[in-house]
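# Survey of secondary and tertiary structure
Spelled out, the chains give:
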Amino acid sequence: MSGSGMGGEAGARSARSRALAVLRVRSRALAVALLPAAVAVVLLVAGAQGRIDGRGWDTARWAVTGAAVAVLLAAAAVAAVIVRARPALSPTVDLAESSAPDLYRLVRDLADRLDVPAPSAIALTPDCDSWLEDRTHPAHSVRSGRGALGMRGDVGARGIRRRSDDAPVLVIGSPFLWWMRVGELRAILAPVVAGTGPSAHPDIASARRFVRGLDAAVAVTSGSGVGRVRRVLLGFVGPIARLLLRGCRTHAAEMERGVAAAASERAQTVDYGLRIVAQEQVGLAYAGWDRLLTRVALPAWRMGRWPSRLDAGVVSALTELSRRDRLAEGFASRLGERPACDLLEEPGAADEAASLLAARLFHGGPAEPGPDWSPVDWQHYPEEVVDRKWRAEAARLHRVLDGMDELDGAGAGPGGEPVAPTLARVLEHLAGQDGEALAVGIEAEVAVEDASSPPRPTMEEWGDCVPLFPLQPPRTGRELLADHVTAMVCCAAVDTAGASPGLDWLDGPALLVDGERRGDLSSRVLTLLEEGDAEPLRRWLVGVGVRPEKPVRLV
């Protein structure tokens, strides 16, 4: 196997040319820093030999010498910050070889076929993407064995030590392992693994280290956690790092394009036909993963629960999509082939770790489970998430109505008893007046509850890892009102008509009537809210057998 794997590809030659351009920027910066020192040496030597004499030359000599010392000290400070600054890491779940020997074997065989160095390690990310990540910086040399986020789930790894000459780490999107078949995963990873060849070239590696150092230095000097004294001391480092970064940004981008082109060209010799088919699965996996996170996982996260089998859930979501969408016909037949997750020794443990990391990345949840942050499996999701969500929102809706009634002087029912939490009360309020005040009240109530919830991790707590939350923008008052009215209707259906909470893999919480999902409720709720017309919803309630006058059970 070749040492660098560069070969004669046009993309590799372009990448090396751009890497040299990046290194020339570094060389020019070094030359500028040394120029005053060179002039000072010339003046000092000339003065010692008597070639220049007089008070003016003495003043110039010492002034230039002082300036040279100041410039050298400043350059040393900038260089120290660039070298010591920790480049950001992608939050991942590390996989030790003992926990995935078949996956490591597949990747090594792939590297042998591509004639490139094998990645030094494999990690999982809860996203539909795969890439190589350099973790050779000294600050990343020792991993604590608790994952990139200090989370449990560094599957089978304890105290991994990385050498400065290690190849990059291969980061694989965890949804790929569960949805793709083994052959498809190999085809998708081929161009990624092929990138270790250009990455091993000394010029490209040096250029990448320089650019990552500049990025990290800019982040250090602009970070909110920097103290006042340190901010003053680093005040001149940031502008210099930004100037250097601007000077090499274009060359660095073109270098990465060249590396990608070289890797793609080399990977054409491995499973090229299968890769074209597998690319379709990448787009499908991304669509299913996005729906699963936003429609299914997010409601649970907001309630302090995190689904512990997200990757297994994406298979169910995509299978459901295959059933509904004619464009996806035929994809379900793939499920008879060996899934890539069989390459793991303990797929469940890896799925749980990736699921916890997804909750932390996309929602800002805690790094460890606890009393207010517990896992939930798919079997218990309807009872522990959907039903609780509906009843919590129904309770909030009635609290806001109680507050509005108190302001109107009608805070209690006959005999001073509290007003019963019935669906009829909600329908009468919305059919008789504008729901804007109710929407504002619910929005304020949600804001108060969000403010009292545990704060999200600060950037200092994240360390050198980059968070990705929030997953969705904040909901408007009108959207919250629609959710709360729908939840109240569902609670009434469950309590008075024998309906049950359910889970739709693509749409999240669902109401089941006689075991079948009723997806025609939302349009009738919107008609009530937007037009003040309750008749379509009332007819729906009669058809299902809901009794609006009966009180519902609240949380």
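Presented here is an overview of the structure given in this document. Throughout this description, residue numbers start from 1 for each chain and increase along the sequence as written. Selection of residues for local features in this predicted model requires a pLDDT of at least 70, selection of side-chain atom pairs for listing and counting requires 80 or more, and totals for whole chains, interfaces and linings are taken over all residues. Just so you know, side-chain values use all the structure's heavy atoms and leave hydrogens and water out.

## Description of unusual backbone geometry
For clarity, the threshold we go by: By the criteria applied, helices consist of DSSP H or I runs no shorter than four residues and strands consist of E runs no shorter than two, each listed in order from the N terminus.
The phi angle at Asp115 is positive, at roughly 60 degrees, despite the residue not being glycine. Looking at where Asp115 falls in the secondary structure, it is placed in the loop between α3 (101-114) and β2 (121-125). You will see that Asp514, though not glycine, has its phi angle at about 55 degrees, which is positive. Turning to its location among the elements, Asp514 is positioned in the loop between β8 (508-513) and β9 (516-517).

## Some thoughts on the sheet that holds β9
To summarise the sheet geometry, strands pair through backbone hydrogen bonds and adopt either a parallel or an antiparallel arrangement. Selection criterion: Whether two strands pair depends on DSSP finding at least two bridges between them. The contact criterion used is simple: two residues touch if any of their non-hydrogen atoms lie within 4.5 Å. Whenever a helix is involved, its axis is fitted only over the stretch in contact; in every case the axis is a line through C-alpha atoms, and angles between N-to-C directions fall within 0 to 180 degrees.
Read across the open sheet, the three strands follow the order β7-β8-β9; overall the sheet is antiparallel. The open sheet is flanked by β7 (500-504) and β9, the only strands paired with a single partner. Where β7 meets β8, five bridges bridge the pair, whose relative direction is antiparallel. From the neighbouring strand, Ser500 faces β8, where its bridge partner is Leu512. Of the strands in this sheet, β7 and β8 touch helix α13 (residues 381-407), which is tilted by about 110 degrees from β7.

## A word on helix α12 (residues 347-363)
Rules: In this analysis, the expected span of each helix is defined as 1.5 Å times one less than the number of residues it contains. Buried, partly exposed and exposed residues are distinguished by accessible area as a fraction of the type maximum, computed with a 1.4 Å probe on protein chains only: under 20%, between the cut-offs, and over 50%, respectively.
Here α12 spans 23 Å end to end across 17 residues, near enough to the 24 Å set by a 1.5 Å rise per residue. Counting buried residues along α12, 13 of its 17 residues qualify, which places the element largely inside the surrounding structure. After α12 finishes, the residue Gly364 shows a positive phi value of roughly 75 degrees.

## Re the pairing of strand β4 (residues 169-173)
The buried fraction of β4 is high, at five of five residues. Across the two faces of β4 the burial is the same, with Val169, Val171 and Gly173 and Leu170 and Ile172 all buried. Alignment of β2 against β4, held across five bridges, turns out to be parallel. Following the sheet pairing, Thr125 is matched in β4 by Gly173.

## Brief notes about the packing of helix α10 (residues 272-302) against α13
Inclusion rule: Should an angle lie under 35 degrees it is considered roughly parallel, over 145 roughly antiparallel, and from 65 to 115 roughly perpendicular; all remaining angles are considered oblique. Three classes are used: nonpolar for Ala, Val, Leu, Ile, Met, Phe, Trp, Tyr, Cys and Pro, charged for Asp, Glu, Lys and Arg, and polar for all others, with Gly counted as polar.
In the contact formed by α10 and α13, the axes pass within 10 Å of each other and the chain directions differ by 75 degrees. As summarised for this structure, α10 and α13 are arranged roughly perpendicular, according to the angle between their axes. Residues Val296, Pro299 and Ala300 of α10 lie in contact with α13, whose contacting residues are Tyr381, Val385 and Lys389. Here the residues of the contact of α10 with α13 sort into five nonpolar, no polar and one charged.

## Re the packing of helix α7 (residues 202-222) against helix α9 (residues 237-267)
Keep this limit in mind: By definition, turning the near helix anticlockwise from the far helix through less than a right angle yields a left-handed crossing, and turning it clockwise yields a right-handed one.
Interaxial distance between α7 and α9 falls to 9 Å at its minimum, and their mutual angle equals 140 degrees. Taken together, the axes of α7 and α9 are oblique relative to one another. In the crossing of α7 with α9, the sense of the turn from one axis to the other is left-handed. Two secondary-structure elements touch here, α7 through Ile204, Ala207, Arg208, Phe210, Val211, Leu214, Asp215, Ala217, Val218, Thr221 and Ser222 and α9 through Val237, Gly238, Ala241, Arg242, Leu244, Leu245, Cys248, Ala252, Met255, Glu256 and Val259. Its residues assigned to classes, the contact of α7 with α9 shows 15 nonpolar, three polar and four charged.

## Quick notes on the sheet that holds β4
Read from one edge to the other, the open sheet built from four strands follows the order β1-β2-β4-β3, with strand pairing classed as mixed. Edge positions in the open sheet fall to β1 (93-95) and β3 (130-133), since each of these has one partner strand only. Along the sheet, successive strands turn relative to each other by an average axial angle of 30 degrees, direction set aside. Here four bridges tie β3 to β4, and the two strands are oriented antiparallel to one another. Directly across from Glu133, in β4, lies its bridge partner Val169. Its contacts with the sheet put helix α5 (residues 182-193) on β3 and β4, and the angle it makes with β4 is roughly 140 degrees.

## Let's talk about a nonpolar patch on the surface
What counts here: Patches were defined on residues exceeding 30% relative accessible area and lacking a salt bridge, with like-charge contacts within 9 Å and nonpolar side-chain contacts (Val, Leu, Ile, Met, Phe, Trp, Tyr) within 5 Å. What sets the accessible areas is the Shrake-Rupley method with a 1.4 Å probe; for residues, cover comes only from the shown protein chains. Any Lys or Arg side-chain nitrogen found within 4 Å of a carboxyl oxygen on Asp or Glu counts as a salt bridge.
On the surface, Leu30, Leu34 and Leu72 cluster together into a nonpolar patch covering about 260 Å² of accessible area. Within the secondary structure layout, Leu34 lies in helix α1 (residues 10-48).

## What about the side chain of Asp351?
Under the convention used in this document: His is not counted, nor are the chain ends, whereas Lys and Arg count as positive and Asp and Glu as negative. Here a polar contact means two N or O atoms within 3.5 Å. Within protein one must be a hydrogen donor candidate and the other an acceptor candidate, and residues neighboring in sequence count only if both atoms are side-chain atoms.
Tracing the chain through its elements places Asp351 in helix α12. Although Asp351 is buried, it forms no salt bridge, and the closest oppositely charged side chain is Arg309 at an N-O distance of 4.7 Å. Of the polar contacts made by the side chain of Asp351, one reaches the backbone nitrogen of Leu310; its length is 3.4 Å. Setting aside anything within four residues of it in sequence, one finds Asp351 in contact with Trp178, Ser308, Arg309, Leu310, Asp311 and Ala312.

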